[in-house]
Amino acid sequence: MTFATVFAAELGDETQLAALLFATETGTSKLGVFLAASAALVLSSLLAVVAGDQIARFVSPSTLKIVAGLGFIAIGTWVLIGVRTEL
């Protein structure tokens, strides 16, 4: 479940697009880009797990899920309002 969720969330995001752009550069090692991008994702995931473990000591997981959900809704609303003002 974790793999599927993170995999789906990462598809097409800024990080993946950055890796794509690095890979398009002539003379750039594609393996190097892959390894660097993979290491960055692993490290950022490690930080998230450690932070989540520490936060869970003080805040219940259900409260965290609600706050995260409200955060996603707020960001989505902000993006939609921004798109609407551009039209």
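Residues numbered from 1 in each chain as written. Predicted model: local features only at pLDDT ≥ 70, side-chain atom pairs only at ≥ 80, totals over all residues. Heavy atoms only, no water.

K.L.:
What is the right way to look at the overall build of the chain in this model?
P.N.:
Counting its secondary structure elements, the chain contains 4 helices and 0 strands. Along the chain, from the amino end to the carboxyl end, the secondary structure elements read α-α-α-α. Over its C-alpha atoms the chain spans a radius of gyration of 17 Å, topping by over 25% the 12 Å that the globule rule assigns to 87 residues. In terms of overall dimensions, the chain has a C-alpha envelope of 50 × 40 × 20 Å along the principal axes. (Helix = DSSP H or I, 4+ residues; strand = E, 2+ residues; numbered from the N terminus. Rg over C-alpha atoms; globule rule 2.2 N^0.38 Å.)

K.L.:
I keep staring at the environment of Gln16 and nothing clicks. Help me out?
P.N.:
When you line up the elements, Gln16 lands in helix H2 (residues 14-24). Filtering out sequence-adjacent residues up to four positions away, Gln16 remains in contact with Glu10 and Leu11. (Contact = heavy atoms within 4.5 Å.)

K.L.:
Looking at this model, I keep getting lost on the pattern of salt bridges. Mind explaining?
P.N.:
Charged atoms that come close allow side chains of opposite charge to pair. In total, this model carries 1 salt bridge according to the counting rule given. With a closest N to O distance of 3.3 Å, Arg57 and Asp53 form a salt bridge. On the accessibility criterion, Arg57 (57% relative accessible area) is exposed. (Salt bridge = Lys/Arg side-chain N within 4 Å of Asp/Glu carboxyl O. Buried < 20%, exposed > 50% of the residue type's maximum accessible area, 1.4 Å probe, protein only.)

K.L.:
Please explain the layout of surface pockets as it appears in this structure.
P.N.:
Any space left empty among the atoms is revealed by the rolling of a water-sized probe across them. In this structure, the largest pocket spans a volume of roughly 440 Å³. Glu10, Gln16, Ala37, Ser38 and Leu41 are, among the 17 residues lining the largest pocket, the residues nearest its centre. Counting only elements with at least two residues in the lining of the largest pocket, the list comes to helix H1 (2-10), H2 and helix H3 (30-56). Element by element, the count of residues in the lining of the largest pocket is highest for H3, at 6 residues. (1 Å grid on protein atoms, 1.4 Å probe; cavity = no way out; pocket = protein on both sides within 12 Å on 5 of 7 lines; lining within 4 Å. Points joined across faces, edges and corners; volume = space filled by probe spheres on them.)

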